[in-house]
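The primary structure of each chain is shown beneath.
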Amino acid sequence: MDRVCLCSILHSAPVKNFSGSSYIFYRSNGNRYNWERSKTICEQSGYNLVSIESREEWNFLKQTIQKENTTEYFIGLRKDPTGVWRWLSDNSTVNVSNKGDWPWATGQPSDEHLTENCAQIYGNYKYAGRYNDVLCSLSKAKAGFICEFKGGGGNRPLIHITRN
């Protein structure tokens, strides 16, 4: 099996701190990642895919990702088997009753066939900061991801992982 150090994946990713959490903003750089792989990379580094739990945190993330060239980032939001959108961190729900209203992009979530069960946030794009539903397993060349460590984490060690 091929072994790769997370530092080779996250080395050029900026780390930002906000309100007691540290965030790694991984840029796509032409690599193809999907939501599931992004979640695994975050977890194996001691972080989690970001869960956006306040309007202030959302504003911070939106301002940060608008400065990057990446147009979309995977986030820690997933639809459960009953069709309810929940954050990975605390299992809290996200309202979808007003599609196109904050925080969803216009017409989102759009999945009518129950296959787009994961979410991304638009970065440097006309819907910056808004969410979009996507297939969890679809690899996207232009997608990055945001990892979060609550309570700091900027100095957490990067570990070795096995590349699948």
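Residue indices begin from 1 for each chain and proceed along its sequence in written order. Predicted model: local features are reported for residues with pLDDT of at least 70 only, side-chain atom pairs are reported and counted for 80 or more only, and whole-chain, interface and lining totals are derived from all residues. Hydrogens and water are ignored here; the side-chain numbers use all heavy atoms of the structure.

K.L.:
Quick one: what's the story with the overall build of the protein chain, residue by residue and with numbers?
P.N.:
Looking only at helices and strands, one finds three helices and ten strands in the protein chain. Its helices and strands in sequence order give the protein chain the pattern β-α-β-β-α-β-α-β-β-β-β-β-β, from N to C terminus. Within the protein chain, the fraction of its 164 residues that count as buried is 46%. Pairs of residues are marked as contacts when any of their non-hydrogen atoms sit within 4.5 Å. Excluding contacts between residues fewer than 6 apart, the proportion of contacts in the protein chain whose partners are at least 24 apart in sequence is 72%. Each accessible area is a Shrake-Rupley estimate made with a 1.4 Å probe; only the visible protein chains count as cover when residues are assessed. When the accessible surface of the protein chain is totalled, it reaches about 8,300 Å², and 45% of it is carbon and sulfur. Only DSSP runs of H or I with at least four residues qualify as helices, and only runs of E with at least two residues qualify as strands; both kinds are numbered from the N terminus onward. Classification of residues uses two cut-offs on accessible area relative to the type maximum, computed with a 1.4 Å probe and protein chains only: under 20% is buried, over 50% is exposed, and between them is partly exposed.

K.L.:
Please provide a residue-by-residue account of unusual backbone geometry, values included.
P.N.:
For the peptide bond that leads from Gln 108 to Pro 109, omega is -10°, which places it in the cis range. Relative to the elements of secondary structure, Pro 109 occurs in the loop between β6 (85-87) and β7 (118-122). The backbone of Ser 19 sits at a positive phi, close to 50°, despite the residue not being glycine. Residue position: Ser 19 is located in the loop between β2 (15-18) and β3 (21-26). With relative accessibility at 67%, the residue Ser 19 sits in the exposed group.

K.L.:
Let's hear about the side chain of Ser 45: which residues, and what values?
P.N.:
Tracing the chain through its elements places Ser 45 in the loop between α2 (35-44) and β4 (48-49). Classification of Ser 45 by relative accessible area gives buried; the value is 3%. By the criterion applied in these results, polar contacts are pairs of N or O atoms within 3.5 Å in which, for protein atoms, one can donate a hydrogen and the other can accept it, and in which residues neighboring in sequence qualify only through two side-chain atoms. A polar side-chain atom of Ser 45 sits 2.7 Å from the main-chain carbonyl oxygen of Cys 42.

K.L.:
Explain the packing of aromatic side chains to me, using residue names and the numbers behind them.
P.N.:
Aromatic rings in a pair are described by how distant their centres are and how their planes are angled relative to each other. Ring geometry is summarised as follows: Phe, Tyr and Trp rings, the Trp one being its six-membered ring, pair when their centres sit within 6.5 Å, and such pairs are stacked at plane angles under 30 degrees, edge-to-face over 60 and tilted between the two. Under the counting rule described, the total for this entry stands at 14 aromatic pairs. Geometrically, the ring pair formed by Tyr 26 and Tyr 33 is edge-to-face, given 5.4 Å between the ring centres and 85° between the ring planes. Ring geometry for Tyr 33 against Phe 145: centres 5.7 Å apart, planes inclined by 75°, an arrangement best described as edge-to-face. Of this pair, Tyr 33 sits in the loop between β3 and α2 while Phe 145 sits in strand β9 (residues 143-150), and the two are 112 residues apart along the sequence. On the basis of relative accessible area, Tyr 33 is assigned to the buried category, the value being 11%. Ring pairing ties together the aromatic residues Phe 18, Tyr 23, Phe 25 and Phe 60, which thus form one cluster.

K.L.:
How would you sum up the side chain of Ser 51? Please name residues and give values.
P.N.:
For Ser 51, the location among the structural elements is in the loop between β4 and α3 (55-66). Among the polar contacts made by the side chain of Ser 51, one reaches the side chain of Ser 89 at a distance of 3.1 Å. The residues touching Ser 51, leaving out its near neighbours within four places in the chain, are Glu 57, Gly 76, Trp 87, Leu 88, Ser 89 and Glu 148.

K.L.:
Describe α3, and please don't skip the residues or the numbers.
P.N.:
An α-helix turns once per 3.6 residues; consequently, residues spaced three or four apart project the same way. For a helix, the expected span equals 1.5 Å multiplied by the residue count minus one. Taking 1.5 Å as the rise per residue, α3 with twelve residues should run 16 Å; its terminal C-alpha atoms sit 16 Å apart, in good agreement. Among the residues of α3, those classed as buried are Glu 57, Trp 58, Phe 60, Leu 61, Thr 64 and Ile 65. Buried residues of α3 fall within an arc of 160° about the axis and therefore sit on the same side. Residues of α3 that are buried in the fold lie against β2, β3, β5 (72-79), β7, β8 (131-134) and β9. Each direction from the helix axis to a C-beta atom contributes to the arc, which is the arc of those directions.

K.L.:
Before we move on, can you summarise the pattern of salt bridges with the specific residues and values?
P.N.:
Criterion for a salt bridge: a side-chain nitrogen of Lys or Arg within 4 Å of a carboxyl oxygen of Asp or Glu. Overall, the coordinates contain six salt bridges when judged by the stated rule. Among the salt bridges present, the one from Arg 27 reaches Glu 68, with a minimum N-O distance of 2.5 Å. Linking Arg 27 in the loop between β3 and α2 with Glu 68 in the loop between α3 and β5, this pair joins segments that are 41 residues apart in sequence. We classify Arg 27 as partly exposed; its relative accessible area is 25%. Taking relative accessible area as the criterion, Glu 68 reaches 13% and is therefore assigned buried. Put simply, Glu 148 and Lys 150 hold a salt bridge, and the shortest N to O gap is 3.3 Å.

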